[in-house]
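Survey of secondary and tertiary structure
Each chain, letter by letter, is given below.
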Amino acid sequence: MSVPVLSALIEQNPEIKITVLSRAFLEPLFKDLPNTTFYNADVNGKHKGFLGLHKLYRELSALKIDAVADIHNVLRSKILRFFFLFSRKNISVIDKGRIEKKALTRAKKKVFKALKTTTERYSDVFRKLGFLVDLSHPKFSSKKEIPEKVKILIGKEKVKLIGIAPFAQYESKMYPLDLMTEVITELSQNKNYKILLFGGGQKEIEVLKKIEEPFENVISLAGKFKFGEELNIISNLDCMVSMDSGNAHLAAIFGVKTITIWGVTHPFTGFYPFHQPMEYAVLPNLKKYPNIPCSIYGNKVCEGYEDVMRSIPSEIVIEKIKDIL
């Protein structure tokens, strides 16, 4: 979710130079940003633990950084900030809005209102450093060339490319696979559609392989491509169908039409895909399940809310997809 924020920051403050600190596998997300370099935080190797983070601090200090923008505010970044205090750098930290998030997710005296989006919270970090950041007219990442080996797999015919990412970190945020299979089965009847399934890890690879088998125009991409190659594919989609999960945000940075299916979380938590119309969200029956959202990340489920996703008929999802294509 930081990519559109950094894009706006750089465009509106062209004199700025940014060093993005993150894990190596995320580097492809930032490769097209001008005035931006990527620095690998090897948190499982040389930068592991307190001493490793101090080594990372010394490496970053050598880059002659003028300011530190902490858009995560987690234990590792707090330790790095502590080190930078001694360098008298300007430091800005994200306000995660924990009080209002608690009010939104509690069962009693719930304050049900839309919270500030995460992209705006990121933007505030840079605004506190004195930079202009306006997200009202975003410039999306450009569509990428699909690698030849990908074209061989998905074919070169002119069809609508529909991405489906059926998994999430928590089961509470996953549309039941039997219902998702109904969605895929119906979409597969249209030979002008090519359905691409996204996932990762051995279990998801095996599940998606079984789902794709009966259909000629359904292809699982799980485990077949590197992250950067998957980004190239996502940039060419006509539509992405995702849970409240990372794939929705990846599609959104390219301006791809992104349908999200929500369980015990809710778009009001601030994690709705960037610049997507709210009508692209598919929600459970909130009259039947009035305590939604039960949690911000889906790690907590209200009692009796285990099957909220089943209040969303597959026909609703199918209709939503067809409407926006």
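Definitions and cut-offs
- Residues numbered from 1 in each chain as written.
- Predicted model: local features only at pLDDT ≥ 70, side-chain atom pairs only at ≥ 80, totals over all residues.
- Heavy atoms only, no water.
- Helix = DSSP H or I, 4+ residues; strand = E, 2+ residues; numbered from the N terminus.
- Rg over C-alpha atoms; globule rule 2.2 N^0.38 Å.
- Buried < 20%, exposed > 50% of the residue type's maximum accessible area, 1.4 Å probe, protein only.
- Contact = heavy atoms within 4.5 Å.
- Areas by Shrake-Rupley, 256 points an atom, 1.4 Å probe, with all protein chains shown as cover.
- Lys, Arg positive; Asp, Glu negative; His and termini not counted.
- Charge placed at Lys NZ, Arg CZ, Asp CG, Glu CD.
- Pairing = 2+ DSSP bridges.
- Phe/Tyr/Trp six-rings, centres within 6.5 Å; stacked < 30°, edge-to-face > 60°.

All right, on to the overall build of the protein chain then. For the protein chain, the helix and strand inventory stands at 11 helices and 10 strands. Expected size for 325 residues packed as a compact globule is a radius of gyration near 20 Å; at 21 Å, the protein chain falls within 12% of this value. By principal-axis analysis of the C-alpha atoms, the protein chain measures approximately 60 × 55 × 40 Å. Each of the 325 residues in the protein chain was classed as buried or not, and the buried ones make up 50%. In the protein chain, the share of contacts with a sequence separation of at least 24, taken over all contacts with a separation of at least 6, comes to 61%. Accessible surface, the protein chain as shown: approximately 16900 Å² in total, 53% of it carbon and sulfur. Charged side chains of the protein chain number 49 positive and 36 negative; the gap between the two group centres comes to 7 Å.

We now examine the pairing of strand 8 (residues 239-243). Burial analysis of strand 8 places 5 of its 5 residues in the buried class, which makes it a mostly covered element. Of the two faces of strand 8, both are covered, the one formed by Cys239, Val241 and Met243 as well as the one formed by Met240 and Ser242. Summarising the sheet, strand 5 (residues 160-165) and strand 8 pair through 4 bridges and their orientation is parallel. Residue Ile162 lies in a different strand from strand 8, and its bridge partner there is Cys239.

The next thing to look at is the packing of aromatic side chains. Under the criterion given, the structure shown has 12 aromatic pairs. Arranged with centres 6.0 Å apart and planes meeting at 55 degrees, the rings of Phe82 and Phe83 form a pair that is tilted. Look at Phe82 and you get partly exposed, because its relative accessible area is 42%. Phe83 sits in the buried class, given a relative accessible area of 6%. Through successive ring pairs, a cluster of aromatic residues spans Phe50, Tyr57, Phe82, Phe83, Phe84 and Phe86.

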